[in-house]
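Tertiary structure, described
Given next are the chains, with one letter for each unit.
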Amino acid sequence: LAADDFFKSNRPVALTFDDVSLATRYSQILPRDTDLATSLSDTLRLQIPIISSDMDTVTESRMAIAMALNGGMGLIHYNMTPKDQVREVARVKRHIHGFLQDPITIRPDMLIGDLLARIEQKTFSFSTFPVTDENGVLLGLVSGNVVKERYKTKKIADVMTPRADLITEHLNAVTKDPIKAADTFFNQHIGINKMLVVDDAGKLRGMVTSRDVESITNEAKSQRKPARDANFRLVVGAAIGPVRNPDGSLDREKIVSHVSALVAENVDVVAISTAHGHTAGVGDMVKLVRDAFPELTIIAGNVTSASGVEYLADCGANAIKVGQGPGSICTTRIVAGIGIPQLTALYTASKGAAAKGVRIIADGGITKSGDIVKALTLADSVILGGLLAGCREAPGEIMEINGKFYKQYRGMGTLAAMKAGSAARYGHDKNDTARKLTAEGIEALKEVSGSTDDVLGNLIGGIQSGMGYLGAKSLPELRANARYMRVSPAGQKEASPHDVIEVSTRKQ
Ligand code: XMP
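Everything numeric in this text was worked out from a predicted model, so none of it was measured.

**Brief notes about the environment of K407**
Within the secondary structure layout, K407 lies in strand β20 (residues 404-410). The spatial distance from the C-alpha of K407 to the C-alpha of H77 is 17 Å, given a sequence separation of 330 residues. In this structure the side chain of K407 is engaged in a polar contact, spanning 3.2 Å, whose partner is the backbone oxygen of C391.

**A closer look at the UniProt feature "binding site: NAD(+)" (unreviewed entry) in the chain**
Under the present numbering, the feature "binding site: NAD(+)" (unreviewed entry) in UniProt falls on G323, Q324 and G325. If you trace the backbone, G323 turns up in the loop between β16 (319-322) and α12 (332-336). Given the relative accessible area of 6%, G323 is considered buried. Discounting residues that sit within four places of it in the chain, G323 has contacts with N302, V303, T304, Q342 and D363. Its place among the elements puts G325 in the loop between β16 and α12. If sequence neighbours within four positions are ignored, G325 has contacts with C330, T332 and R333.

**As for the packing of helix α7 (residues 178-188) against helix α8 (residues 210-217)**
For the pair α7 and α8, interaxial distance at closest approach is 10 Å and the crossing angle is 120°. With respect to α8, the axis of α7 lies oblique. Two packed elements cross with a definite hand, and for α7 against α8 that hand is left-handed. When α7 is examined against α8, the residues I179, A182, D183 and F186 are found in contact with a partner set consisting of S210, V213 and I216. Of the residues that constitute the contact of α7 with α8, the class distribution is 5 nonpolar, 1 polar and 1 charged.

**Section: the nonpolar core**
Counting residues in hydrophobic clusters, the biggest one holds 92 residues, and the most contacted among them are I50 and V289. Not counting chain neighbours up to four residues away, the residues in contact with V289 comprise I240, I255, V259, V270, I272, L296 and I298. Grouped together as the second largest cluster of nonpolar side chains are 14 residues, I51, A227, A271 and I361 included.

What counts as what
- Residues numbered from 1 in each chain as written.
- Predicted model: local features only at pLDDT ≥ 70, side-chain atom pairs only at ≥ 80, totals over all residues.
- Heavy atoms only, no water.
- Helix = DSSP H or I, 4+ residues; strand = E, 2+ residues; numbered from the N terminus.
- Polar contact = N/O pair within 3.5 Å; in protein donor to acceptor, adjacent residues only side chain to side chain.
- UniProt positions renumbered as here; feature names shortened; annotations may be inferred.
- Buried < 20%, exposed > 50% of the residue type's maximum accessible area, 1.4 Å probe, protein only.
- Contact = heavy atoms within 4.5 Å.
- Axes fitted to C-alpha atoms, helices over the stretch in contact; angles between N-to-C directions.
- Parallel < 35°, antiparallel > 145°, perpendicular 65-115°, else oblique.
- Left-handed = near helix turned anticlockwise from the far one by under 90°.
- Nonpolar A, V, L, I, M, F, W, Y, C, P; charged D, E, K, R; others polar.
- Core = buried A, V, L, I, M, F, W, Y, C linked by side-chain atoms within 4.5 Å.

In structure tokens, the structure reads:
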């Protein structure tokens, strides 16, 4: 059945991912030809519809960089000081693949023979080196054609191209948009393939190679397209919570100064993350940020109803997070007895989104790529916590237990996380005594799952397969082609491998 007929005929039963299966459709689409691009607002576009959760065991700058390089986005959590969070955002925005801000340099009194030995030992894997003095002042450049056995007894100072003969670029000309600046530089200076960046004191402040610039400008043609802003910087979001005055009112000054600092570092979106978004407090917070930053993309949540989506949209949010209690570490449904199984919540929320022209994001409960396909028939993107928490880019140490490797994964509604700062998300104050703080999540371990690249690669492959089965080239087509049916307990059993002894690890 199409979404309206299906969900209405199943009322009042609410359903989640495993309750439902999608029917296949006639298809002319190969999975590899599908386009997974989506948007969170009219200005913020992602290449894949996957966002890493703003949890303190999932997203800091390392995860956000990996997410954006794969076409998605990370939301930096807010269990840290605003200053630290701004620095995390800056790390992502300044991570420009190609602009080496700390290139390896050599000293003028070194011998070519020493340099060759270090290259052989694989201390360096390239052959062109800027030469600097001990204070970092640029003295020259050694190019690959003199790093040869024949010159091994010569000093670097004698074979380098001296500073006076080098064409360099000033730091001020490149900070705003290094890749564009380098592209222009290489067009102007034919034959030069290293742009050395210096400051007023003549110190080397970075280097861009023409090959890296080309690989960035060629991304448009490659399979893996990073999510970049208009200035080639990786996209990133930051979560913020309601900061209140002692009388309970919102502390406008603190909130605006925090968001201003994030915006100054070119943050692409702020997420007002709470457990209950359909409240006056969250609405006021969204209005405050919208009022102060008319152009900024705002995510807000979480809600599970059409009226909740409409309310936050009216307050000024561009994308609304949907999900109360479906998360793998959530106990909100047990503790508070509330929440709607996720697929029905998404259907209901999608009605509000259509009415208001905003996006919705499926947040929580996703354990496999098939769940993402189902979520994307109703939502514009998904948020993952548990599926990414075992990746090496997630914060936290790897621990070994009985020969297996694990990472910590905890709910932001656990006592430990709330004490670290997230209490406001659950409508508590972190200075309350433990008696008053009621946990709505658990602390857990996730088996280490390798790199974010691998995990996302598998998930993307699964989404593309699902789109191929539904004859959908794009996410809007996936939505239009989705036909749902309810699965019986026997059908659920049939859907997983059965009656065999599994010898390989399944990839999700
Ligand atoms: P997954 O299933 O991807 O879910 O691990 C991640 C999402 O769960 C939400 N979250 C919580 N919900 N108590 C809750 O009820 C918690 O302590 C908690 N911590 C995170 C959040 O929406 C996240 O993206």
